[in-house]
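Given next are the chains, with one letter for each unit.
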Amino acid sequence: MSKPLIGINTDFRSSNQNSTEFAYVAAGYFDAIFQAGGLPVLIPPYENESDLEHLLQRLDGVLLIGGADLDPRRDGWMLHPTVRLQDPRRENSDRMLVRLIAEHRTPVLGIGAGMQLINVSQGGNLMLHIPEDMPGALPHLDPLDPDHRHTLQLASGSIMDRVYGDGELRVNSMHHMAVDEIAPGFQVTARCPDGIVEAIESTMEDWFAFGTQFHPEASTASALDMRIFEEFIMGVEIARGMVPAVHELVAA
């Protein structure tokens, strides 16, 4: 049985006087896909939509990585002074990629900015700066503590519920933007106790898609977080008909 091909978008840095332009990705993303049973395929920023669609047709799923902030002006909002923008070449390609993913119903997992991109691309929106938009929230970004963590509250029967169950539940936190209004066709499946959205999941039967605000691929993640990638690969396998769906297993 062939392993699923999982595309991973890459970050991008423009050239400057000290460095040429280059694309890159943290090793934790493709290591997690390897460990979960998939074969990672890195996707550099594309400019031609037909070329990107040609590639997407060969992939079984896509992992959308985290990174710097999405440009809120592209979704009709003003630029907040705390926003640290992605390189436009990356964001142009990522927005085109997620639109094609949605059109083709390609299985997708978004992490950090990747989850936020899924939400805004499907009609949701974002808080641009948690301390201002929700002053009573817990700290979600601590520059002095890269290991900053908080607990989660899970939706029963969700992917997050299957991942964590009754296990120890503390996840890393390193963001100042967050999902605000949830996109149609999605539901919130994990929140921080202060109400900040930490995971979303598609409610559409024809599209396996979910995302986490926290980073299960990072060095600050726990061993339990790895099961998020296992759930993703399982969903990809179900989508391509390699294993029976959960309800079929229960019926059997």
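Just above sits the structure.
What you see is a predicted model, and the numbers here were worked out from it, not measured in a lab. (Residues numbered from 1 in each chain as written. Predicted model: local features only at pLDDT ≥ 70, side-chain atom pairs only at ≥ 80, totals over all residues. Heavy atoms only, no water.)

Asks: Describe the overall build of the chain, and please don't skip the residues or the numbers.
Replies: Of the regular secondary structure elements, the chain holds eight helices and 14 strands. A burial count over the chain gives 49% of its 252 residues as buried. Accessible area of the chain: about 11,900 Å², with a carbon and sulfur share of 52%. (Helix = DSSP H or I, 4+ residues; strand = E, 2+ residues; numbered from the N terminus. Buried < 20%, exposed > 50% of the residue type's maximum accessible area, 1.4 Å probe, protein only. Areas by Shrake-Rupley, 256 points an atom, 1.4 Å probe, with all protein chains shown as cover.)

Asks: With reference to specific residues and values, describe the sheet that holds strand S1 (residues 5-9).
Replies: Strand order across the open sheet formed by eight strands is S4-S1-S5-S6-S14-S13-S12-S9, with mixed pairing between neighbours. At either margin of the open sheet sits one strand with a lone partner, and together these are strand S4 (39-43) and strand S9 (153-154). Where S1 lies against S4, five bridges are found, and the strand directions are parallel. From the neighbouring strand, isoleucine 8 faces S4, where its bridge partner is leucine 42. Against the sheet, helix H3 (residues 88-104) engages S1, S4, strand S5 (61-64) and strand S6 (108-111), with an angle of about 145° to S5. (Pairing = 2+ DSSP bridges. Contact = heavy atoms within 4.5 Å. Axes fitted to C-alpha atoms, helices over the stretch in contact; angles between N-to-C directions.)

Asks: Please give an account of the pairing of S1 that cites residues and values.
Replies: Within S1, four of the five residues are buried, which leaves it mostly tucked inside the rest of the structure. Relative to S5, S1 runs parallel, the two sharing three bridges. Bridge assignment links glycine 7 to a residue of S5, and that residue is valine 62.

Asks: I'd like a description of H3, backed by residues and values.
Replies: Since one α-helical turn is 3.6 residues long, residues separated by three or four positions face the same way. With 17 residues, H3 ought to run about 24 Å at 1.5 Å a step, and its terminal C-alpha atoms sit 24 Å apart, in line with that. Here H3 starts with a cap whose side-chain oxygen sits 2.9 Å from the backbone nitrogen of arginine 89, and that cap is aspartate 87. One or two positions beyond H3, positive phi appears at arginine 105, with a value near 55°. (Expected span 1.5 Å × (residues − 1). Polar contact = N/O pair within 3.5 Å; in protein donor to acceptor, adjacent residues only side chain to side chain.)

Asks: Before we move on, could you go through the packing of helix H1 (residues 27-36) against helix H7 (residues 227-239) and cite the residues and values that matter?
Replies: Helix packing geometry: the angle between the two helix axes and the distance between the axes. At their nearest, the axes of H1 and H7 sit 9 Å apart, and the two run at 60° to each other. Viewed along their axes, H1 and H7 adopt a mutual orientation that is oblique. Taken as a pair, H1 and H7 cross one another with a handedness that is right-handed. Each of Ala32, Ile33 and Ala36 in H1 lies in contact with H7, whose residues at this interface are Phe229, Glu230, Phe232 and Ile233. The residue makeup of the contact of H1 with H7, split by class, is six nonpolar, no polar and one charged. (Parallel < 35°, antiparallel > 145°, perpendicular 65-115°, else oblique. Left-handed = near helix turned anticlockwise from the far one by under 90°. Nonpolar A, V, L, I, M, F, W, Y, C, P; charged D, E, K, R; others polar.)

Asks: Run through the pattern of salt bridges, naming residues and quoting values.
Replies: Opposite charge on two side chains permits them to pair, given that their charged atoms come into close proximity. Across all of its chains, the model carries 15 salt bridges by this definition. Note that arginine 89 and glutamate 21 form a salt bridge whose closest N and O atoms lie 3.7 Å from each other. Placement of arginine 89 in helix H3 and of glutamate 21 in the loop between strand S2 (11-13) and strand S3 (22-24) is noted, with a sequence separation of 68 residues between them. Among the charged side chains, a salt-bridge network with shared partners connects Arg74, Asp75, Glu91 and Arg95. (Salt bridge = Lys/Arg side-chain N within 4 Å of Asp/Glu carboxyl O.)

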